[in-house]
Amino acid sequence: MNGNEIIHAEAVTTDTIENSLTDQKKVRLDVLRLDKIHPVVSGNKWFKLQYYTGDAVNKGYTTLLTFGGSYSNHIAATAYAAKTLGLNAVGVIRGEAPKQWSHTLQEAHACQMQLVFLPRNEYDAIKKNVHTTKFEAQFGKAYIIPEGGYGLPGVQGAADMLHSTDTSNYTHIVSAVGTGTTIAGIIQATEPHQQVTGISVMKNNLGLNDEIQSLLNTSLPGRFRLIHDYHFGGYAKYTPALTGWMNRFYHASTIPLDFVYTAKMMYGIFDLMEKDFFRPRSRILAIHSGGLQGNRSLAPGVLVF
Ligand SMILES: *Cc1c(COP(=O)(O)O)cnc(C)c1O
(Lines give C-alpha, C1' and ligand atoms only; values in the text may rest on other atoms or scores of the structure.)
Protein backbone atom coordinates (compact mmCIF):
# COMPACT_ATOMS: atom_id res chain seq x y z
CA MET A 1 0.00 0.00 0.00
CA ASN A 2 1.52 3.30 -1.02
CA GLY A 3 -1.22 5.64 0.11
CA ASN A 4 -2.39 6.61 -3.38
CA GLU A 5 -5.80 5.27 -2.47
CA ILE A 6 -6.35 8.19 -0.09
CA ILE A 7 -6.33 10.83 -2.80
CA HIS A 8 -8.79 11.48 -5.58
CA ALA A 9 -6.63 12.04 -8.63
CA GLU A 10 -9.75 11.63 -10.78
CA ALA A 11 -11.29 14.72 -9.14
CA VAL A 12 -8.60 17.05 -10.55
CA THR A 13 -9.91 19.38 -13.24
CA THR A 14 -8.38 22.06 -15.42
CA ASP A 15 -10.64 25.12 -15.20
CA THR A 16 -10.45 27.97 -17.67
CA ILE A 17 -10.73 31.56 -16.43
CA GLU A 18 -12.17 33.87 -19.02
CA ASN A 19 -12.83 37.53 -18.35
CA SER A 20 -12.36 40.95 -19.87
CA LEU A 21 -8.66 40.94 -18.95
CA THR A 22 -7.85 37.58 -20.56
CA ASP A 23 -9.87 38.70 -23.60
CA GLN A 24 -8.16 42.05 -23.84
CA LYS A 25 -4.68 40.55 -23.45
CA LYS A 26 -5.52 37.56 -25.66
CA VAL A 27 -4.17 35.00 -23.23
CA ARG A 28 -5.63 31.73 -22.09
CA LEU A 29 -5.55 31.09 -18.35
CA ASP A 30 -6.19 27.61 -16.99
CA VAL A 31 -6.05 26.48 -13.37
CA LEU A 32 -4.89 22.96 -12.47
CA ARG A 33 -7.16 22.16 -9.53
CA LEU A 34 -4.88 20.01 -7.37
CA ASP A 35 -6.82 21.37 -4.38
CA LYS A 36 -9.49 18.82 -5.29
CA ILE A 37 -7.44 15.70 -4.55
CA HIS A 38 -8.17 15.82 -0.84
CA PRO A 39 -9.52 18.35 1.69
CA VAL A 40 -6.59 17.93 4.09
CA VAL A 41 -3.73 16.37 2.14
CA SER A 42 -4.46 18.76 -0.66
CA GLY A 43 -2.41 19.93 -3.57
CA ASN A 44 1.33 19.92 -3.65
CA LYS A 45 1.85 18.65 -0.09
CA TRP A 46 0.64 15.17 -0.96
CA PHE A 47 2.82 15.07 -4.07
CA LYS A 48 5.85 16.21 -2.09
CA LEU A 49 5.27 13.55 0.56
CA GLN A 50 4.74 10.48 -1.56
CA TYR A 51 8.38 9.52 -2.17
CA TYR A 52 9.24 10.15 1.48
CA THR A 53 6.43 7.96 2.76
CA GLY A 54 7.18 5.28 0.15
CA ASP A 55 10.83 5.23 1.19
CA ALA A 56 9.92 5.11 4.89
CA VAL A 57 7.61 2.13 4.37
CA ASN A 58 10.16 0.32 2.15
CA LYS A 59 12.83 0.76 4.79
CA GLY A 60 10.56 -0.60 7.49
CA TYR A 61 10.09 2.58 9.51
CA THR A 62 6.93 2.81 11.58
CA THR A 63 7.24 6.47 12.60
CA LEU A 64 7.49 9.65 10.51
CA LEU A 65 8.96 12.77 12.11
CA THR A 66 8.75 16.18 10.54
CA PHE A 67 8.89 19.92 11.22
CA GLY A 68 6.63 22.92 10.72
CA GLY A 69 4.89 25.95 12.13
CA SER A 70 1.48 26.09 13.82
CA TYR A 71 -0.26 26.78 10.50
CA SER A 72 1.78 24.41 8.35
CA ASN A 73 -0.11 22.63 5.58
CA HIS A 74 2.80 20.18 5.56
CA ILE A 75 2.18 19.22 9.21
CA ALA A 76 -1.52 18.62 8.51
CA ALA A 77 -0.75 16.59 5.39
CA THR A 78 1.92 14.46 7.07
CA ALA A 79 -0.35 13.72 10.03
CA TYR A 80 -3.14 12.62 7.75
CA ALA A 81 -0.90 10.58 5.43
CA ALA A 82 0.72 8.79 8.38
CA LYS A 83 -2.63 7.93 9.87
CA THR A 84 -3.87 6.53 6.58
CA LEU A 85 -0.69 4.50 6.08
CA GLY A 86 -0.85 3.13 9.61
CA LEU A 87 2.34 4.92 10.65
CA ASN A 88 3.02 6.92 13.78
CA ALA A 89 3.75 10.60 13.29
CA VAL A 90 5.66 13.17 15.29
CA GLY A 91 5.34 16.86 14.46
CA VAL A 92 8.04 19.15 15.80
CA ILE A 93 6.39 22.56 15.96
CA ARG A 94 8.22 25.89 15.89
CA GLY A 95 7.66 27.93 19.03
CA GLU A 96 6.20 27.40 22.50
CA ALA A 97 2.87 25.60 22.74
CA PRO A 98 0.18 28.23 22.14
CA LYS A 99 -2.74 28.56 24.59
CA GLN A 100 -5.18 28.14 21.76
CA TRP A 101 -4.15 25.56 19.17
CA SER A 102 -4.59 26.45 15.52
CA HIS A 103 -6.99 24.38 13.41
CA THR A 104 -3.96 22.84 11.75
CA LEU A 105 -2.58 21.61 15.07
CA GLN A 106 -6.01 20.36 16.17
CA GLU A 107 -6.34 18.46 12.91
CA ALA A 108 -2.87 16.94 13.27
CA HIS A 109 -3.61 15.98 16.86
CA ALA A 110 -6.92 14.40 15.78
CA CYS A 111 -4.87 12.25 13.36
CA GLN A 112 -2.84 11.08 16.40
CA MET A 113 0.26 13.04 15.47
CA GLN A 114 2.35 13.64 18.58
CA LEU A 115 3.28 17.31 18.80
CA VAL A 116 6.53 18.57 20.27
CA PHE A 117 6.89 22.32 20.71
CA LEU A 118 10.40 23.75 20.51
CA PRO A 119 11.45 27.33 21.24
CA ARG A 120 12.22 29.12 17.98
CA ASN A 121 16.00 29.25 18.32
CA GLU A 122 16.20 25.58 19.21
CA TYR A 123 13.83 24.68 16.38
CA ASP A 124 15.77 26.70 13.81
CA ALA A 125 19.03 25.05 14.87
CA ILE A 126 17.66 21.54 14.88
CA LYS A 127 15.67 21.55 11.65
CA LYS A 128 18.84 22.25 9.64
CA ASN A 129 20.86 19.56 11.37
CA VAL A 130 18.56 17.00 12.87
CA HIS A 131 20.01 15.09 15.80
CA THR A 132 17.81 12.08 15.60
CA THR A 133 19.18 10.79 18.88
CA LYS A 134 17.38 13.59 20.69
CA PHE A 135 14.06 12.30 19.43
CA GLU A 136 14.91 8.59 19.34
CA ALA A 137 15.00 8.40 23.10
CA GLN A 138 11.44 9.72 23.16
CA PHE A 139 9.85 8.26 20.03
CA GLY A 140 12.07 5.42 18.83
CA LYS A 141 13.66 5.30 15.39
CA ALA A 142 11.88 7.72 13.13
CA TYR A 143 12.02 8.52 9.43
CA ILE A 144 12.84 12.21 9.11
CA ILE A 145 11.04 14.36 6.55
CA PRO A 146 12.51 17.88 6.30
CA GLU A 147 10.35 20.94 6.98
CA GLY A 148 7.90 21.54 4.13
CA GLY A 149 9.04 18.34 2.40
CA TYR A 150 12.11 20.25 1.19
CA GLY A 151 14.56 17.94 -0.58
CA LEU A 152 15.07 15.74 -3.64
CA PRO A 153 12.26 13.25 -2.94
CA GLY A 154 9.96 16.28 -2.57
CA VAL A 155 11.11 17.62 -5.95
CA GLN A 156 10.50 14.25 -7.57
CA GLY A 157 7.02 14.13 -6.08
CA ALA A 158 6.22 17.69 -7.18
CA ALA A 159 7.31 16.85 -10.73
CA ASP A 160 4.54 14.24 -10.76
CA MET A 161 1.97 17.05 -10.43
CA LEU A 162 2.51 17.77 -14.11
CA HIS A 163 2.51 14.13 -15.15
CA SER A 164 -1.11 13.54 -14.22
CA THR A 165 -2.33 15.36 -17.32
CA ASP A 166 -0.81 16.58 -20.60
CA THR A 167 0.61 20.03 -19.94
CA SER A 168 2.97 20.30 -22.92
CA ASN A 169 0.67 22.77 -24.72
CA TYR A 170 1.14 25.50 -22.13
CA THR A 171 3.66 28.25 -22.73
CA HIS A 172 3.76 29.29 -19.05
CA ILE A 173 3.44 27.36 -15.81
CA VAL A 174 2.97 29.49 -12.67
CA SER A 175 3.11 28.38 -9.04
CA ALA A 176 3.37 29.87 -5.57
CA VAL A 177 6.79 29.39 -3.94
CA GLY A 178 7.57 28.70 -0.28
CA THR A 179 10.60 26.45 0.19
CA GLY A 180 11.10 26.16 -3.58
CA THR A 181 10.68 22.38 -3.67
CA THR A 182 7.50 22.49 -5.74
CA ILE A 183 8.81 24.93 -8.33
CA ALA A 184 12.01 22.87 -8.64
CA GLY A 185 9.82 19.88 -9.52
CA ILE A 186 7.95 21.99 -12.05
CA ILE A 187 11.20 23.15 -13.65
CA GLN A 188 12.27 19.51 -13.85
CA ALA A 189 8.97 18.37 -15.38
CA THR A 190 8.65 21.08 -18.04
CA GLU A 191 10.17 21.38 -21.49
CA PRO A 192 12.54 23.99 -22.97
CA HIS A 193 9.67 25.83 -24.72
CA GLN A 194 7.85 26.43 -21.41
CA GLN A 195 8.39 29.43 -19.16
CA VAL A 196 8.20 28.69 -15.42
CA THR A 197 7.20 31.57 -13.14
CA GLY A 198 7.34 31.35 -9.36
CA ILE A 199 5.54 33.82 -7.12
CA SER A 200 7.35 34.00 -3.78
CA VAL A 201 5.02 34.28 -0.79
CA MET A 202 7.79 35.54 1.48
CA LYS A 203 9.13 39.05 1.81
CA ASN A 204 12.51 39.52 0.14
CA ASN A 205 13.52 35.87 0.37
CA LEU A 206 16.36 36.59 -1.98
CA GLY A 207 18.26 33.40 -1.15
CA LEU A 208 15.46 31.41 -2.73
CA ASN A 209 17.06 31.17 -6.17
CA ASP A 210 20.06 29.43 -4.58
CA GLU A 211 17.79 27.09 -2.62
CA ILE A 212 15.98 26.11 -5.82
CA GLN A 213 19.26 25.73 -7.65
CA SER A 214 20.58 23.35 -5.01
CA LEU A 215 17.53 21.11 -5.55
CA LEU A 216 18.26 20.74 -9.26
CA ASN A 217 21.21 18.98 -10.78
CA THR A 218 21.42 21.52 -13.58
CA SER A 219 21.81 25.29 -13.31
CA LEU A 220 18.61 27.33 -13.18
CA PRO A 221 17.35 27.69 -16.74
CA GLY A 222 16.78 31.13 -18.30
CA ARG A 223 13.14 30.20 -18.79
CA PHE A 224 12.62 30.39 -14.99
CA ARG A 225 11.65 33.63 -13.26
CA LEU A 226 11.07 34.18 -9.58
CA ILE A 227 8.90 37.18 -8.69
CA HIS A 228 8.98 38.83 -5.27
CA ASP A 229 6.28 41.48 -5.69
CA TYR A 230 3.19 39.74 -4.30
CA HIS A 231 4.00 38.75 -0.70
CA PHE A 232 1.46 41.20 0.87
CA GLY A 233 3.72 41.86 3.83
CA GLY A 234 5.35 38.44 4.17
CA TYR A 235 4.67 34.81 4.90
CA ALA A 236 1.04 34.24 6.00
CA LYS A 237 0.48 38.02 6.10
CA TYR A 238 -2.51 39.47 4.28
CA THR A 239 -4.43 42.67 3.78
CA PRO A 240 -8.14 43.44 3.27
CA ALA A 241 -7.21 44.12 -0.37
CA LEU A 242 -6.08 40.50 -0.73
CA THR A 243 -9.04 38.88 1.02
CA GLY A 244 -11.45 41.18 -0.86
CA TRP A 245 -9.79 40.14 -4.12
CA MET A 246 -10.11 36.45 -3.12
CA ASN A 247 -13.85 36.94 -2.59
CA ARG A 248 -14.31 38.64 -5.95
CA PHE A 249 -12.27 35.94 -7.66
CA TYR A 250 -14.45 33.30 -6.01
CA HIS A 251 -17.65 35.02 -7.15
CA ALA A 252 -16.41 35.17 -10.73
CA SER A 253 -14.83 31.71 -10.97
CA THR A 254 -16.19 29.62 -8.04
CA ILE A 255 -12.56 28.71 -7.32
CA PRO A 256 -11.56 29.05 -3.65
CA LEU A 257 -7.99 30.19 -2.98
CA ASP A 258 -5.93 30.08 0.21
CA PHE A 259 -4.57 33.34 1.59
CA VAL A 260 -1.02 32.09 2.23
CA TYR A 261 -0.08 30.79 -1.20
CA THR A 262 -2.53 30.48 -4.08
CA ALA A 263 -4.27 33.86 -3.61
CA LYS A 264 -0.91 35.64 -3.86
CA MET A 265 -0.07 33.62 -6.96
CA MET A 266 -3.39 34.33 -8.67
CA TYR A 267 -3.36 38.02 -7.73
CA GLY A 268 0.17 38.12 -9.17
CA ILE A 269 -0.92 36.47 -12.41
CA PHE A 270 -3.69 39.05 -12.89
CA ASP A 271 -1.33 41.93 -12.17
CA LEU A 272 1.30 40.46 -14.50
CA MET A 273 -1.36 40.08 -17.22
CA GLU A 274 -2.27 43.72 -16.70
CA LYS A 275 1.42 44.63 -17.14
CA ASP A 276 1.80 42.59 -20.35
CA PHE A 277 4.19 40.08 -18.78
CA PHE A 278 2.46 37.42 -20.89
CA ARG A 279 2.54 37.94 -24.66
CA PRO A 280 -0.69 37.63 -26.65
CA ARG A 281 -1.55 33.98 -27.36
CA SER A 282 0.24 32.80 -24.21
CA ARG A 283 -1.30 29.70 -22.69
CA ILE A 284 -0.87 29.93 -18.93
CA LEU A 285 -1.33 27.08 -16.48
CA ALA A 286 -1.68 28.22 -12.87
CA ILE A 287 -1.09 25.47 -10.31
CA HIS A 288 -3.74 25.46 -7.60
CA SER A 289 -1.52 23.84 -5.00
CA GLY A 290 -4.28 23.50 -2.40
CA GLY A 291 -3.72 24.75 1.15
CA LEU A 292 -7.38 25.63 1.72
CA GLN A 293 -7.34 24.19 5.25
CA GLY A 294 -5.20 27.18 6.24
CA ASN A 295 -8.12 29.58 5.62
CA ARG A 296 -9.70 28.32 8.83
CA SER A 297 -7.30 30.49 10.77
CA LEU A 298 -9.03 33.62 9.37
CA ALA A 299 -11.82 35.25 11.37
CA PRO A 300 -15.30 34.09 10.36
CA GLY A 301 -16.83 36.21 7.62
CA VAL A 302 -13.55 37.44 6.12
CA LEU A 303 -14.05 35.05 3.22
CA VAL A 304 -17.37 34.36 1.53
CA PHE A 305 -16.51 30.67 0.94
C1 LIG B 1 3.61 24.63 0.82
C2 LIG B 1 2.76 25.22 -0.25
C3 LIG B 1 3.31 25.84 -1.39
C4 LIG B 1 4.79 26.06 -1.56
O5 LIG B 1 5.49 24.87 -1.81
P6 LIG B 1 7.06 24.82 -1.67
O7 LIG B 1 7.40 23.50 -2.22
O8 LIG B 1 7.38 24.91 -0.20
O9 LIG B 1 7.65 25.96 -2.41
C10 LIG B 1 2.45 26.33 -2.36
N11 LIG B 1 1.12 26.22 -2.21
C12 LIG B 1 0.56 25.64 -1.14
C13 LIG B 1 -0.93 25.61 -1.04
C14 LIG B 1 1.35 25.13 -0.12
O15 LIG B 1 0.76 24.56 0.97
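Being a predicted model, the structure only gives us computed values, none of them experimental.

Calculation notes
Residues numbered from 1 in each chain as written. Predicted model: local features only at pLDDT ≥ 70, side-chain atom pairs only at ≥ 80, totals over all residues. Heavy atoms only, no water. Pairing = 2+ DSSP bridges. Helix = DSSP H or I, 4+ residues; strand = E, 2+ residues; numbered from the N terminus. Axes fitted to C-alpha atoms, helices over the stretch in contact; angles between N-to-C directions. Contact = heavy atoms within 4.5 Å. Domains from an automatic or database assignment. Buried area = accessible area lost by both parts, 1.4 Å probe. Salt bridge = Lys/Arg side-chain N within 4 Å of Asp/Glu carboxyl O. Polar contact = N/O pair within 3.5 Å; in protein donor to acceptor, adjacent residues only side chain to side chain. Nonpolar A, V, L, I, M, F, W, Y, C, P; charged D, E, K, R; others polar. Buried < 20%, exposed > 50% of the residue type's maximum accessible area, 1.4 Å probe, protein only.

Side note on the sheet that holds strand E10 (residues 283-288)
Sheet strands pair via backbone hydrogen bonds, and the direction of the pair is either parallel or antiparallel. Pairing in this open sheet of six strands is mixed, and the strands run E1-E2-E10-E7-E8-E9 from one edge to the other. For this open sheet the edge positions go to strand E1 (14-17) and strand E9 (224-227), each flanked by a neighbour on one side alone. When the angles between neighbouring strand axes are averaged without regard to direction, this sheet yields 25°. Across three bridges, the pairing between strand E7 (residues 172-177) and E10 is parallel. In the strand pairing of E10, valine 174 is matched with alanine 286. In the packing of helix H11 (residues 262-274) onto the sheet, contacts are made with E1, strand E2 (28-33), E7, strand E8 (195-200), E9 and E10, and the angle to E10 comes to roughly 165°.

Structural notes on the domain arrangement of the chain
Split by domain assignment, the chain resolves into domain 1 (3-40 + 151-297) and domain 2 (44-149). Computed over C-alpha atoms, the centres of domain 1 and domain 2 are 25 Å apart. At the junction of the two partners, domain 1 supplies 27 residues and domain 2 supplies 21 residues. Across the interface of domain 1 and domain 2, roughly 2,200 Å² is buried in total on both sides, 61% from carbon and sulfur atoms. Where domain 1 meets domain 2, there are one salt bridge. Note that glutamate 107 is salt-bridged to arginine 296, the shortest N-O span being 3.1 Å. The interface formed by domain 1 and domain 2 holds 10 residue pairs in polar contact (both at pLDDT 80 or more) in total. For the side of domain 1 that touches domain 2, the elements supplying multiple residues, two or more each, are helix H7 (152-159) and helix H8 (181-189). At six residues, H7 tops the list of elements feeding residues into the side of domain 1 that touches domain 2. Within the side of domain 1 that touches domain 2, the residues separate by chemical class into 10 nonpolar, 15 polar and two charged.

Remarks on the pattern of salt bridges
Taken as a whole and judged by the stated rule, the model has nine salt bridges. Residues arginine 94 and aspartate 124 are paired through a salt bridge, measuring 2.9 Å at the closest nitrogen-oxygen approach. Taken together, the positions of arginine 94 in strand E4 (residues 88-94) and aspartate 124 in helix H5 (residues 120-128) put the pair 30 residues apart, joining distant regions of the chain. Overall, arginine 94 belongs to the partly exposed group, its relative accessible area being 30%. Judged by relative accessible area, aspartate 124 falls into the partly exposed class, the value being 30%. Lysine 275 is the salt-bridge partner of aspartate 271, the closest N and O atoms lying 2.6 Å from each other. A relative accessible area of 57% places lysine 275 in the exposed class.

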